[in-house]
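# Coordinate analysis (summary)
Listed here are the chains, written in short residue letters.
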Amino acid sequence: MTNPLEPKSKMATGTSKIMTTQQLRQLFLDYFADRDHLVQPSAPLVLHDDPTSLFTSAGMQPYMAAFRGEEEPPAPRAVSIQKCLRTVDIEGVGYHNRYATFFEMMGNFSFGDYFKEGGIELAWDLVTDVLGLPKDDLYITVHTDDDEAEEIWHKKIGVPMQRISRLGREDNWWPKDRWEGPCGPCSEIHLDLGPEFGCDKPGCTVGCDCDRYLELWNLVFQMYTEAEDGTLTPLPAAGIDTGLGLERLALVMQGVRHLEETDEMAHIMDRIVAVINEQTGSNYAYGDDGHHDLALRIITDHLRAAAFIRAGGVAPSNEGAGYVLRRLIRRAFRYGRQLGATEPFLHKAIPAVTEAMGQHYTELGEKEEFSAQLVHREEQRFASTLRQGMNMFEEIAIELQQARRDTIPGEKAFTLYDTYGFPVELTVEMAAECGLKVDMEGFEQAMAAQRVRSGRGAGLATAEEIISLAHLPATEFVGYDTQSTSSKIIALLAGDEQIDLAKAEQELTVILDTTPFYAEQGGQVGDEGIINSSEFEFAVRNTVSHGDKVLHLGTLKRGTMQVGDEVTAAVDTARRRAIMRHHTGTHLLHAALRKVVGEHVSQSGSLVAPDRLRFDFTHHEAVTPEQLAEVELICNEWILDNRILSVAEMDYDEAIKQGAIAIFTEKYDQQVRTVRTEGISMELCGGTHVGSTGEIGSLHIISESSVAAGIRRIEAVTGMGAVQHQRQLADQAHELAAELNCPPDDIAARIAQLREQIADLSKQVEAARTASASVDLHELIDAAVVVEGITLVSAQVPGANRKLLGQVADQLAAKLDRAAVILGCEEDGTVSLVCKVSSDAVAAGANAGGLISHVASACGGGGGGKAEYAEGAGKNPEKLREALDAAANALKQQLADQSS
C-alpha cells in the first residue's frame, strides 16, 4: 500500500493565515485528492425515500452499504464535504461554539485501504503541518480499550501521554447508541481554545461541557456491525470514516468565538440585522447587547438551515422534514420578536445565504426566489396567530404559578400546536424559561386522538427488514436493452429466511444473477412478469432493489424451484411499455411546466405507473386552467413531432455543464445516466423510456392540486390511458347533451341559457310571493291606534318576508304624521320584525330600537337598531300576535320616560 501521506504535488504547508470558509473547503478537498482520494459530491441533505431518516446527519451516511460490503465503494479512498442537519442539540445553538443545526462535515474515507495508522497520520499532518495549529494545544481522546490507537498517537505521532485521554462509549465509540450499521471505536482531536473560553472549574479538561476544549476532528475506525444484544460482527473489511466540522475549523482559523461569527455566517447575520433595523427603525449592531446577540446567532443558524432544507425540495408542513423546516422558521421568527421584529423579516435575508454559500452550493441560487416566497408565507401564517398564542401561553403560565403547579397539561400544549401553530418544542422551551414543564405524554395522547379523528391513525409504518445479502454477487441489470433473458437463481428468500428449495404456492423473493426486471426507484414502479423453466412458473408481482441486488417478489404458481436453476426471466412487455410512455411523459411535462409556469419549477416527487403518472413540483400557487391547457398542448405537439430520445453515460459534472436537470433530493454517482429528448430537455435519469416521443401517443392532464405548501401535483395519462379517458369524457358529454336536449357542442350555451331561465323564474317567484303578500295599506291605517299623539301601526303581515316588511313600513311612515310602525311575519319557522319611526315621532320620544327589542324579546328573540329604523327576530311565531299587541304599552312607556 502506498504511503497515504505522500502527496502527488507540492501543496502549501504550515499556513497560519486567516482563511475563508471557501478556502478551507478547497484546501481540504485538494489535500486528500492529492493523496489519491476520489472527490465525491455531497449526497442530498433531505432523504425523501428513506423511512429511517429525514436528513443526512453524518458524512459516512451515504457509504453505509459500502462499509457493510453490500455495495462497491466509489474508490478505495474517497473525500467529501457532506451537507448535514441535526436538531438534537438545537437548544445549545447560539449558546455554545460547537452546535449548529445545518453543518458541513468534511471527511476522508478508506474502504479496506489504510486503517488506524494511516488515518491518524493524515489527520495530524493536515491539522499541524498544513493548517499550522499549535501541537501543544491539541489533545487526543481514544476509546477505553483501544491500545493500538493510543500507541500510534504516542509512539508514532509523538503526542505526550498527558495529552491523551481514554474515554468510554459515550464519547469514543461511533455511534454511541446501538444500531445495525457500521460502528467502531473512534479517536478525537481536541483543540484548547484557551482559558477565556473555559468554565474556571478546577477539573476543567477535555470532555468538559464548557467551550474551552473544542472537538475538531473525529476519526472513526469502522470495524463491526452491532446486534441489539451488543454482539459485534466484523465488517468484510475494516475502514476509516472521519468527520471534521467545517464551521468549527473556520471558527479556529478565523479566530472568532462563535460559529455564527465566521465569514459566511457573519454575512447572513449582517443581512438579518439590516432587515430588522429597517423594519424597526433601530440601529442595533451585533455586539451591542448580549441578549440580542444570542437571539441573532440563533436566527442566523436557523435561517441558513431553512434555506438548505427548502433547496432540498421541502415545504413547511406538520409532518416529517416539513415539520422540521416549520419549526426552524417559527423558532427564528419568535427570536426576531426579541429584536423588535413583529412583521415577517426572514424571507428578506434568504438571498444572503445564496451570496455567502451559493458558489459551492448552486441549488441555493436556483431555488432562492421560491424559497423566499415559501418562508415569507410561513412567517405570515405564524405571525397571524403568534400574538393570540402568546396570550394563551401567558394565561396558562400565570394560572399554573398561582395554583403552585409546574406542568402545562398536554391538551393545552396541543391547543397551542393545533390552533396557534406552536411546535411543541417551542412550547417546551417557553415553559422552561418560566420554570415550567410540559406533559408530553398528554400531548402525544392528544396528537394521537387527532390523528384518529382525521383518519390517519396513530402509527407510522417502518421499513421491512431484509436479511443481510452482502455475501451474494451483484445482480446485473439488462432491462434497458431487452425484456427477456436467460438467467440463474442465486438466492431464494421465504420471509426473513434464506432457503434452497421452494414449492408451489409459496410467497418468495427470488434473486437472479442477471435480470431484465426494473427495480422500483426514482418514482418508477417495479416490473411484473414471469420467471420460469420447464419445471416451474414464478409470477413476479413487484421488483425492488436492496443494495446492488434486485429482488423479485411474487408467488410460485407451479412446480418446485431451487438455487442454481437456469431460468428465463421475462418482463410483462405491455405493462413495461405503458410505464415507459408515462416516464417519458413526466419529462415532457416537466419541460413544459418550466416553459409555461417558470424556470423555478423543479420536480419534488413522482409516480410512474402503467395506468397513470403523477408529477409533484415546486410552485407557490395553483396552475391556472389556461396554463394547464398550454402545458398539455405543448406536450402533445412534442409527441406529434416524434422527437428522438438518446441515452448516454457521462461524468456528473459534465452532464450538469451540458444543462442536464438534476433532482437535488437524489443521490448521484460520479458516473450518471442522462436521457436527452431532442430539442426539449436533458435529465439525469435511471428509468426506462420510449425511443421517440411519438410512441407516447398522446398525453392528457386529469387533475392539478395542492400537496403541501409550495408543492403542486399534476396527474396525467398517456397512450391508451389517454384515449380511454378522452372516450370517457366524450361519453359523459353525450349523456349530458341528451339530458339537456342539445348537441354536445352546444352544452355550454345550453347551460348558460338554463341559468338565465332559472334567474328569471326566481324573480317571478319573488314577485309572486310579493304579490301574494300584498297588503291593504288603508286597512292597516284604519286599524292604527293613537298613543299620546303618536299614530301606532302594529300588525302581522301573513306571507311576507323581512324585505317586504321594510317596504310596507316605509310606505306607512310616509303616509302618516308622527308615526310609529312595527310589523311582523312568520318566515321559515321563525319571526321577522321591522320597526319604522318618523323623525317627528322620534323628537317626541319614540325609538325604533327600543320598540323592536321589546317585541322581539316577547317572541323569544332580540333586535336593535337606530331611533328611526330597527330590525329584529324571534324563535316563537305563536307569540307574535301577543307581542305586537303589547307594542302600544311599550310606546307609552317610551314617551313617559321622555317627558320625565
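Worth saying up front: this structure is predicted, and the values here are computed from it rather than measured. (Residues numbered from 1 in each chain as written. Predicted model: local features only at pLDDT ≥ 70, side-chain atom pairs only at ≥ 80, totals over all residues. Heavy atoms only, no water.)

Turning next to the packing of helix α11 (residues 363-402) against helix α13 (residues 424-433). In helix packing, the relevant descriptors are the interaxial angle and the interaxial distance, both defined with respect to the helix axes. Contact geometry for α11 and α13: axes closest at 13 Å, N-to-C directions at 40°. Taken together, the axes of α11 and α13 lie oblique to each other. The hand of the α11/α13 crossing is right-handed. Contacts between α11 and α13 involve Phe382, Met390 and Phe393 from the first element and Leu426, Thr427, Met430 and Ala431 from the second. Residue composition of the contact of α11 with α13, grouped by class: 6 nonpolar, 1 polar and no charged. (Axes fitted to C-alpha atoms, helices over the stretch in contact; angles between N-to-C directions. Helix = DSSP H or I, 4+ residues; strand = E, 2+ residues; numbered from the N terminus. Parallel < 35°, antiparallel > 145°, perpendicular 65-115°, else oblique. Left-handed = near helix turned anticlockwise from the far one by under 90°. Contact = heavy atoms within 4.5 Å. Nonpolar A, V, L, I, M, F, W, Y, C, P; charged D, E, K, R; others polar.)

The buried fraction of strand β31 (residues 790-796) is high, at 5 of 7 residues. Sheet analysis places strand β30 (residues 785-787) next to β31, joined by 3 bridges and oriented antiparallel. The residue of β31 that forms the bridge with Val785 is Leu792. Bridge analysis of β31 against strand β32 (residues 819-827) gives 6 bridges, and the strand direction is parallel. Paired with Ala795 across the two strands is Leu823, which belongs to β32. In the classification by handedness, the crossover that spans β31, the intervening helix α21 (residues 802-815) and the parallel β32 is right-handed. (Buried < 20%, exposed > 50% of the residue type's maximum accessible area, 1.4 Å probe, protein only. Pairing = 2+ DSSP bridges. Right-handed = clockwise from strand over helix to strand, strands pointing away.)

The next thing to look at is α13. Turn by turn, an α-helix covers 3.6 residues, leaving residues three or four places apart pointing in a common direction. Within α13, burial applies to Val424, Leu426, Thr427, Glu429, Met430 and Ala431. Note on α13: the residue one or two positions beyond its end, Gly435, has a positive phi of about 75°.

Along the chain, Asp439 turns up in the loop between β11 (437-438) and α14 (440-454). Taking C-alpha positions, Asp439 is 50 Å from Glu151, a pair spaced 288 residues apart along the chain.

Take the sheet that holds strand β34 (residues 862-865) next. A sheet is described by the order of its strands in space; here 6 strands give the open sequence β30-β31-β32-β33-β35-β34, paired in mixed fashion. Each edge of the open sheet is held by one strand with a lone partner, namely β30 and β34. Across the sheet, the mean angle separating the axes of adjacent strands is 20° when strand polarity is ignored. Pairing between β34 and strand β35 (residues 869-874): 4 bridges, direction antiparallel. Each residue of the ladder has a partner; that of Gly864, found in β35, is Glu871.

The next point concerns unusual backbone geometry. Of the consecutive residues Trp174 and Pro175, the connecting peptide bond is found in the cis state with omega at -10°. Of note, Pro175 is situated in the loop between β6 (173-174) and β7 (182-192). Positive phi values are uncommon outside glycine, yet Asp200 reaches one of about 70°. By the element assignment, Asp200 lies in the loop between β7 and β8 (213-226).

This paragraph deals with the side chain of Ser602. Tracing the backbone through its elements, the reader meets Ser602 in the loop between α15 (573-596) and β23 (603-608). Of the polar contacts made by the side chain of Ser602, one reaches the side chain of Lys367; its length is 2.3 Å. Not counting residues up to four positions away in its chain, the partners in contact with Ser602 are Lys367, His590, Asp616, Phe617 and Thr618. (Polar contact = N/O pair within 3.5 Å; in protein donor to acceptor, adjacent residues only side chain to side chain.)

Another aspect to go through is the sheet that holds β23. Strands pair in a sheet through their backbones, by hydrogen bonds, and they do so in one of two ways: parallel or antiparallel. Pairing in this open sheet of 4 strands is antiparallel, and the strands run β23-β24-β29-β28 from one edge to the other. A single partner strand is all that each edge strand has here, and the edge strands are β23 and β28 (699-708). Adjacent strand axes in the sheet meet at a mean angle of 15° when their direction is disregarded. Packed on one face of the sheet, helix α18 (residues 719-740) meets β28 and β29 (711-718) and runs near 95° to β29.

Tallied over the full model, the rule gives 38 salt bridges. The salt bridge partner of Arg77 is Asp113, with a shortest N-O separation of 2.8 Å. With Arg77 in strand β2 (residues 77-85) and Asp113 in the loop between β3 (102-111) and α3 (116-130), this residue pair connects regions lying 36 residues apart in the sequence. By relative accessible area, Asp113 is classed as partly exposed at 25%. Salt-bridge contacts for Glu150 lead to Arg166; the nearest nitrogen and oxygen are separated by 3.0 Å. Taken as a pair, Glu150 in helix α4 (residues 147-157) and Arg166 in strand β5 (residues 164-167) lie far apart in primary sequence, 16 residues in all. Residue class for Arg166 comes out partly exposed when judged on its relative accessible area of 31%. Here the residues in one salt-bridge network are Arg25, Glu104 and Glu264, joined through shared partners. (Salt bridge = Lys/Arg side-chain N within 4 Å of Asp/Glu carboxyl O.)

Take the nonpolar core next. Trp153 and Trp217 are the most contacted members of the largest nonpolar core, which totals 125 residues. It is helix α8 (residues 290-311) that contributes the most residues to this core, 12 residues altogether. Once you skip the residues sitting within four places of it in the chain, Trp153 turns out to touch Ile120, Trp124, Ile140, Val142, Gly158, Val159, Ile164, Ser187, Ile189 and Leu219. Counting 29 residues, the second-largest nonpolar core is a separate cluster that includes Leu593, Val601, Ile634 and Ile680. (Core = buried A, V, L, I, M, F, W, Y, C linked by side-chain atoms within 4.5 Å.)

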